[in-house]
Number of protein chains: 2
Amino acid sequence: MINVAIMGHGVVGSGVAEILIYHADRIAEKVKDKINVKYILDLRDFDGLSYSDKFTKDFESILNDDEVKVVAEVMGGVNPAYDFVKKCLLSGKSVVTSNKELVAAKGAELLKIAQDNNVNFLFEASVGGGIPVLRPMAQCLAANEINSVKGILNGTTNYILNKMIVDNMDFDTALSLAQEKGYAEKDPTADIEGHDACRKVCILASLAFGKHVYPEQVYTEGITNITLGDVEYADGFNCVIKLIGSTERLADGKITASVRPTLVSRDHIISGVNGVFNTVMVNGDQTGDVMFYGKGAGKEATASAVVADIIDCAKHLNARKYLFWEDGSDDYVVCSDKAVKLYIYAAGDDFNTLCTSAEALFGENASYIKNKFKNEIAILTDKKPESELLKAAEQLKANTVKVMHTLF
Amino acid sequence: MINVAIMGHGVVGSGVAEILIYHADRIAEKVKDKINVKYILDLRDFDGLSYSDKFTKDFESILNDDEVKVVAEVMGGVNPAYDFVKKCLLSGKSVVTSNKELVAAKGAELLKIAQDNNVNFLFEASVGGGIPVLRPMAQCLAANEINSVKGILNGTTNYILNKMIVDNMDFDTALSLAQEKGYAEKDPTADIEGHDACRKVCILASLAFGKHVYPEQVYTEGITNITLGDVEYADGFNCVIKLIGSTERLADGKITASVRPTLVSRDHIISGVNGVFNTVMVNGDQTGDVMFYGKGAGKEATASAVVADIIDCAKHLNARKYLFWEDGSDDYVVCSDKAVKLYIYAAGDDFNTLCTSAEALFGENASYIKNKFKNEIAILTDKKPESELLKAAEQLKANTVKVMHTLF
């Protein structure tokens, strides 16, 4: 029998408890051993559950119980999760977590502590909820050098953008609907400003390229400035707007990392990822593009990924998984100036001047959608170094200019 | 140092040798040990390679060398691969293979031998080439009961169908082009008749549901009867035609398994899987739909999956992976009669009689495309028990009737 503790009995934590307790037989069959939930840590009272006797409000009781070999941290937030996880690892317990904020902020340090103490620190559920992403990346791509990772990492923003695209709903209405449906939180900042996706980019980049990437190193832009006008112009260029998290290895050993709204060609498989679904596309030097897709959130999906990690720990109590990365450095994440195609929106008072300046600056290889009625022009540029295109955008005879990246 | 042998130096085998030999340092860093290719078994001569000294024509030299801990079988075909693999496992060597024919025919038996001898038998590359599918299915979905697995499992047929759909190319021309480009073999039977996809369905179904499914138990239909007319009618129903492999768990513990051309709604993410790409969609009771996507074939992609399995074996010489299924049984794979939407094509001499009989049989909830010029009608039926729809199709006043399943 392997004893585990669950720290946190919120949405994910209760899901983990339910799977482990209600499906105990099925899991025992797979693990060839019984997994017993010995403690559930939560400050709140949960009376009337069939497993109410397992609750404790005292972290020390878990920490000091040598019978507990695996701890699931599903509290969220950096504190006190960081302190608890660190103490568990130091005392020789394996830890699994769904806490992307914790892993993005402290991953390298916690992985090192796990290594030093010969235990596992796993966090499959921190990226893509129930979609297996990190494990296949780490293991199956062992024979690959990874070139880039990109994807749709936040279901809330994808749901909102999808509503704008398909139902012509404006941003505020779509956000309200997402909140109503439970896809967006009351304070939606972390989702709509891109912070949540940013943390996932940190984890993906750290794992893919072996050095920790911190949230403040990632260029992060949310979707609050996307208008129905942008959606319509994107459609005119046969594109949809998605919030894309992306990281790429450069030739000099440095990397790029960003989260930003992006025009994705309708011919690209990622354009078909709708609703609350997430996707991660990994480009390896041997495999080419490999994509993982599924529901990126939700109680059952995320809990099942946590449980899979618990099972993996239970089966490898004396064997370390090769999930590891080093600490990062200040100058590791940079901006590259590679050739890109940009979407540029510009509005001005004088429509003819606007259009003439656009065509003079971006030439005949760019595509244009001119909207005389609104004094606006949308440009899909030719592929050129980003700095060159941004410089040209500055010279547009316009009052408002908005630039987005593209994915073709 | 871990010694390995590669059996077969064809497309995949040479790729495996190249990765292991030319990227030895990178791999050593990941494994924390050196992987040494000690033998390459092939009856042909390969002079002038930097590793020509490793070749042997004698299987016994590999079998009898106790230093060889891991053997990669990349010869293809059931014989003599089966005999060689069995002997290696029995002598305590872990085996990895890309050979879907072997796994589909002998998987349960070889897994049992591996288990009895406490070694690993891994075959990630046998399904989806370089796409990690089997490992994430086995491990990350450990907490799930799998309901169904479906996907595009053959790149050759997907390439041909794609050419028919996008370029309006007829089947024969598309096949010739695929052969020219090296996507189809000179004898394309195994691909276009669905046999290759069938073997992959066997492996996926066996792993997903725990009992071996044999090729002859899978209803298998290829793409040779698909016409440009079908492609056009499918388009009229907002669908594309894909060769879909599928397996589903039924309530009574039995399963269904099939390979057949299927109308896939353009709103379904699978419809966007084009060219030689493959995809596998797994529906778990906790995760919902999870999809894996990538290039399903190709030297580098497949070789990299084989190498990943070798690395996994090398890192777990004394630990068994929990990849296992039992032997199958005759009455395990059945036909279900659940409610489906079918595509029915019918042609007759008398257009009016044809249309009248169709509408009388399938009612106003079906969709119809009537082609008076060709005396044809295409029907997208309402969702009803399959047997009922097939019975109705038989009663059509038509000379020719063709039925396909759909995926919405």
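This text follows the structure it describes.
Residues numbered from 1 in each chain as written. Chains lettered and ligands numbered in written order. Predicted model: local features only at pLDDT ≥ 70, side-chain atom pairs only at ≥ 80, totals over all residues. Heavy atoms only, no water.

Draft legend 1. Structural context of the pairing of strand E10 (residues 255-265) of chain A. Residue and element names in this part refer to chain A. Burial runs high along E10: 11 of the 11 residues are buried. Relative to E10, strand E8 (residues 219-220) is paired through 2 bridges, and the arrangement is parallel. Along E10, the bridge assignment pairs Thr220 with Val259. As defined by bridge partners, strand E9 (residues 239-249) adjoins E10 across 11 bridges and the pair is classed as antiparallel. In the sheet register, Arg249 faces E10, and the bridge partner there is Ile255. Where E9 hands over to E10, the hairpin turn is made up of 5 residues, of which Gly253 adopts a positive phi near 90°. For E10 and strand E18 (residues 400-407), the ladder comprises 3 bridges, and the chain directions are parallel. Each bridged residue has a counterpart across the sheet, and for Val264 the counterpart in E18 is Leu407. (Buried < 20%, exposed > 50% of the residue type's maximum accessible area, 1.4 Å probe, protein only. Helix = DSSP H or I, 4+ residues; strand = E, 2+ residues; numbered from the N terminus. Pairing = 2+ DSSP bridges.)

Draft legend 2. Spotlight on helix H8 (residues 171-180) of chain B. All names here are of chain B. Within H8, the full set of buried residues consists of Phe171, Ala174, Leu175, Leu177 and Ala178. Buried residues along H8 cover an arc of 160° about the axis, so they all sit on one side. Exposed residues on H8 whose side chains face more than 90 degrees from its buried face are Asp172 and Glu180. At the N-terminal end of H8, a side-chain oxygen is found 3.2 Å from the backbone nitrogen of Asp172, two or three residues along, and the residue is Asp170. Two residues or fewer after H8 comes Gly182, characterised by a positive phi angle close to 85°. (Arc of directions from axis to C-beta. Polar contact = N/O pair within 3.5 Å; in protein donor to acceptor, adjacent residues only side chain to side chain.)

Draft legend 3. Broad picture of the relation of the copies chain A and chain B. Relative to chain B, chain A is turned by 180° and slid 0.0 Å along the rotation axis, the superposed coordinates differing by an RMSD of 0.0 Å. The operation mapping one copy onto its partner corresponds to a two-fold rotation axis. Scanning chain A for the C-alpha nearest the rotation axis identifies Phe292 of chain A, at a separation of 2.4 Å. The fraction of interface residues of chain A whose copies in chain B are also interface residues reaches 100%, indicating that both copies meet through the same surface. (Least-squares fit on C-alpha atoms with pLDDT ≥ 70 in both. Contact = heavy atoms within 4.5 Å.)

Draft legend 4. Quick peek at the interface of chain A and chain B. Taken together, the contacts link 43 residues of chain A with 43 residues of chain B. With both sides pooled, the region where chain A packs onto chain B buries about 3,800 Å², and carbon together with sulfur makes up 60% of that total. If you look at where chain A meets chain B, you find 4 salt bridges. One salt bridge connects Arg26 of chain A with Glu145 of chain B, and the closest N-O pair in it is separated by 3.1 Å. (Buried area = accessible area lost by both parts, 1.4 Å probe. Salt bridge = Lys/Arg side-chain N within 4 Å of Asp/Glu carboxyl O.)

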